Amino acid sequence: MKEGFRPAMAWLHTWGGLVFTWLLFAIFFAGTLSFYREEITLWMQPELHRVQSSVDQFDGVAFALKELQQRAPDAKRWSINFPDARDATISISWTKDGRFDRNATAVIDPNNGAVLNPRATLGGTFFRSFHYSLMAGPLGVWIVGAATMMMLVALITGVIIHKKIFKDFFTFRPQKSPGRSWLDAHNVSGVMSLPFHLMITYTGLVTLMFTFVPAAATIAYQGDQALFLKEAFSRKEAPAASGQPAALTDLLPLLIKTRTHWHGAEIGGVTINNPGDTVAVIDITRKRGATLAARAEPVLRFDGVSGQQLNEFTNDSVAKSTYGVFYGLHVAWYAGFFLRALSFVMGITGCVMIASGAVLWTVKRRDKHTGDSSATGYRFVEAFNVAGIAGLMVASAIYFWANRLLPVNLQERIDWEMRCLFIAWLLTLAHAILRDKPTAAWRDQFWLAGFLIALLPVLNAVTGGLSLFEAMLQNHWRLAGVDLSTMPLAAVLAWTGWRIGLPKKTTSAKRNSKSRIVDLEELEEAA
Amino acid sequence: MLIDTLKTNRNLSQAVPTLKSTKSVSLAYRGAVLSRILAGVFGGYALASVLSALLATTLPLSRIDAVLTATLSAFFVFALAVMWTFAARTAAHAWIGLLAPTAAMACWIFPPAWIVSL
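1. Quick look at the overall build of chain B
- Check the secondary structure of chain B and you find 5 helices and 0 strands.
- If you list the helices and strands of chain B from N to C, you get α-α-α-α-α.
- For chain B, with 118 residues in total, the buried portion stands at 42%.
- Counting contacts in chain B only where the partners sit at least 6 residues apart, residues at least 24 apart contribute 63% of the total.
- On chain B, roughly 6300 Å² of surface is accessible, and the fraction owed to carbon and sulfur atoms is 75%.

Right, here's the structure in full:
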């Protein structure tokens, strides 16, 4: 703690940031990959690589209904998800008691009705779940929440301690002393994408805000959680079944009518409540991501027997739209090709900002403390830096490899894919602790990650996937994109490993150059 | 990851005294820092929660809109509260600055019997 507002904020930024660095890096990294969740999932299910896009969204609807009728004639609810630009298949699910069950789902080729059997994997969804729960249930969600809150504080204090924020847009001095160039890297990556970081951090908290701060809802609704959820998310309750059988109306005309009603908007899915009953009700939902706001897609409801339109549910409040926009900004369902790519790049700058902040902390202290009692402490921080940053890349690459190399019929296959990732991560930590020099550990792991990632297109081609070459020939760019992105990623990792391994420059330049940036340490000393 | 975090904490506690390696850091200083951390985390959360509950019940909006607006603003209140804890002159100031408004707003929402009887 330091006297004075700015030094106090510098202290908070440094120590608060440090405590959560590795956690924040992992959260940011997994979140960045989640922007391409569906593409990653597709890559990880080579059984689906050769499904052709259907001509019309509704081509497979008859197959889907036939399959639902066969598998679950007495279900309480059927759901059909239509193909879209990011997923060529039609997927169905059903439920008897209202709860989702992984086994009560099927994936269908909309062109010929073939039931597809993709391998069991979480695919890209693993990264999304890890991103907000660390795969550790409610406790994990709260840990992520605390880290995100600290991130918000670190961003605000980071701006406060940063006098020359606009000049730093253009300041990067890789040839200066290591401390200086790491500080520059931290500043440049932090300042350039500050609006994105503030947005994604705040909206991240918003996605789970009723979990994190339930006070307002609890007090205003006097503890009536169900009523609150109903009003907040316009939960559309379906009438109870009568028990009298009646034939379901033809779905296709309703779908076409709805599409016309919404001026040609894509349809996301349809839910059929009480199928085969006299009070069957059909809800058709617009595809998510048509607008910025999420969780507010309009729904058109039809009588399931007569085919009469019953209601249209639309969003009716400014506060709900605001919430929906914040939520939508975080999950980026609205993003097309360019915005999605931009979000991904911004996410990477976030990773770089956090990682360089962590490295900066150790580089600044490493030389001062060689040989004294705290040297072991710094040694461990450095090892955690290596495993938390480079090690996570290695472990994530291993996850992709495990996806293709584990037997398709393995019991608990989904768990084994994740176990491979976590075991690899632990091994990178052991390696970082045992390796004699930190720079060597950095280099080993960056190079290993780069190597594993560079070979992913080869792995894809030889383990049953549609190869990069074929995918490009067939204009299957969502799939080819995953293979193509491995090359720049591997190159950057290889370069970073090479750069870190270079011998240090003499640091005499440090005192000669008159810094125009507020140096945290100078601030500390001035105080 | 949790283990990572715990490890950091341990390293932090070793590293704090050597931040300025020439001076040693007194126990009182460490206590004050701990006190501020607790104030920021728990006091800040309490302030943000109570303010959001107050807004949710008093904003001139429909109930659901008031709840959403209040909850959306809670995170900035929390962030500012954490910053206040570390900017305040002493740890005691930090606690008072958080708890006094929290208590006042809590009384507004749930007036204790002795206030109602006045």
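2. Digging into the interface of chain A and chain B
- With 60 residues of chain A at the contact, the number on the chain B side is 45 residues.
- Here chain A packs against chain B, burying approximately 4700 Å² in sum over the two surfaces, 79% of which is carbon and sulfur.
- Taken together, the links from chain A to chain B amount to 1 salt bridge.
- As a salt-bridge pair, R63 of chain B and E231 of chain A come within 4.0 Å of each other at their nearest N and O atoms.
- Here chain A and chain B share 5 residue pairs in polar contact (both at pLDDT 80 or more) between them.
- Counting residues per element, the side of chain A that touches chain B draws most heavily on helix α1 (residues 5-34) of chain A, at 11 residues.

3. Structural notes on the pattern of salt bridges
Residue and element names in this part refer to chain A.
- Evaluation of the coordinates by the stated rule reveals 15 salt bridges over all chains.
- Measuring nitrogen to oxygen at the nearest pair gives 3.2 Å for the salt bridge that ties D56 to R259. Taken together, the residues span a long stretch of sequence, with D56 in the loop between α2 (37-43) and α3 (61-71) and R259 in helix α11 (residues 251-261) at a distance of 203 residues.
- Relative accessible area serves as the criterion here: at 27%, D56 is assigned to the partly exposed category.
- Here R259 falls in the partly exposed class, since its relative accessible area comes to 22%.
- A salt bridge links R435 to D436, with the shortest nitrogen-to-oxygen separation between them at 3.0 Å.
- Accessibility expressed as a relative area gives 58% for D436, which makes it exposed.

4. Quick notes on the nonpolar core
- In this structure, F25, Y323 and Y399 of chain A together with V67 and F75 of chain B are the most contacted members of the largest nonpolar core, which totals 142 residues.
- Here this core takes 19 residues from α1 of chain A, the largest share from any one element.
- Excluding residues that lie within four positions of it along the chain, V67 of chain B makes contacts with F210, A216, A217, A220, Y221 and F228 of chain A together with A56 of chain B.
- Counting 28 residues, the second largest nonpolar core, distinct from the first, contains W78, I92, A106 and I282 of chain A.

5. Digging into the environment of V191 of chain A
All names here are of chain A.
- When you line up the elements, V191 lands in helix α6 (residues 178-192).
- By relative accessible area, which is 9% here, V191 ends up buried.
- The spacing of V191 and V159 is 32 residues in sequence and 8.4 Å in space, taken between C-alpha atoms.

6. Some thoughts on the packing of aromatic side chains
All names here are of chain A.
- All chains considered together, the criterion is met by 26 aromatic pairs over all chains.
- Members of the aromatic cluster, connected to one another through ring pairs, are W43, F126, F127, F130, Y399, F400, F422 and W425.
- Lying over the aromatic face of W447, R443 brings its terminal NZ or CZ to 5.5 Å of the ring centre.

7. Things to note about the packing of helix α4 (residues 125-133) of chain A against helix α5 (residues 137-160) of chain A
All names here are of chain A.
- At a minimum axis separation of 6 Å, α4 and α5 run at an interaxial angle of 70°. The orientation of α4 with respect to α5, classified from their angle, is roughly perpendicular. Only G137, G140, V141 and V144 of α5 make contact with α4, whose side of the interface consists of H131, Y132 and S133.
- Residue composition of the contact of α4 with α5, grouped by class: 3 nonpolar, 4 polar and no charged.

8. Quick look at unusual backbone geometry
Residues and elements named next belong to chain A.
- A positive phi is found at Q222, a non-glycine position, where the angle reads about 45°.
- With respect to the helices and strands, Q222 occurs in the loop between α9 (215-220) and α10 (225-233).
- Look at R295: it is not a glycine, yet its phi comes out positive at around 60°.
- By the secondary structure assignment, R295 is in the loop between β6 (281-286) and β7 (299-303).

9. Notes on the packing of α10 of chain A against helix α3 (residues 63-87) of chain B
- Between α10 of chain A and α3 of chain B, the shortest axis-to-axis distance is 10 Å and the interhelical angle comes to 85°. Taken together, the axes of α10 of chain A and α3 of chain B are roughly perpendicular relative to one another. Note on element contacts: α3 of chain B touches α10 of chain A through R63, I64 and V67 of chain B, opposite L227, F228, E231 and A232 of chain A.
- Here the contact of α10 of chain A with α3 of chain B is built from residues that sort into 5 nonpolar, no polar and 2 charged.

10. A few points about the sheet that holds β7 of chain A
Residues and elements named next belong to chain A.
- Read from one edge to the other, the open sheet built from 8 strands follows the order β4-β3-β2-β1-β5-β6-β7-β8, with strand pairing classed as antiparallel. The strands lining the two open edges of the sheet, one partner per strand, are β4 (115-116) and β8 (309-313).
- Here 6 bridges tie strand β5 (residues 267-273) to β6, and the two strands are oriented antiparallel to one another. Paired with G269 across the two strands is T285, which belongs to β6.

11. Details of helix α15 (residues 413-434) of chain A
Residues and elements named next belong to chain A.
- For α15, which comprises 22 residues, the first-to-last C-alpha distance of 31 Å matches the rise-based estimate of 32 Å (1.5 Å per residue) to within 8%.
- Within α15, the full set of buried residues consists of R413, I414, E417, M418, L421, A424, W425, T428, L429 and A432.
- Lining the buried residues of α15 we find α1, α4, α14 (375-405) and α16 (438-454).

Rules used throughout
Residues numbered from 1 in each chain as written. Chains lettered and ligands numbered in written order. Predicted model: local features only at pLDDT ≥ 70, side-chain atom pairs only at ≥ 80, totals over all residues. Heavy atoms only, no water. Helix = DSSP H or I, 4+ residues; strand = E, 2+ residues; numbered from the N terminus. Buried < 20%, exposed > 50% of the residue type's maximum accessible area, 1.4 Å probe, protein only. Contact = heavy atoms within 4.5 Å. Areas by Shrake-Rupley, 256 points an atom, 1.4 Å probe, with all protein chains shown as cover. Buried area = accessible area lost by both parts, 1.4 Å probe. Salt bridge = Lys/Arg side-chain N within 4 Å of Asp/Glu carboxyl O. Polar contact = N/O pair within 3.5 Å; in protein donor to acceptor, adjacent residues only side chain to side chain. Core = buried A, V, L, I, M, F, W, Y, C linked by side-chain atoms within 4.5 Å. Phe/Tyr/Trp six-rings, centres within 6.5 Å; stacked < 30°, edge-to-face > 60°. Lys NZ or Arg CZ within 6 Å of the ring centre and 35° of its normal. Axes fitted to C-alpha atoms, helices over the stretch in contact; angles between N-to-C directions. Parallel < 35°, antiparallel > 145°, perpendicular 65-115°, else oblique. Nonpolar A, V, L, I, M, F, W, Y, C, P; charged D, E, K, R; others polar. Pairing = 2+ DSSP bridges. Expected span 1.5 Å × (residues − 1).

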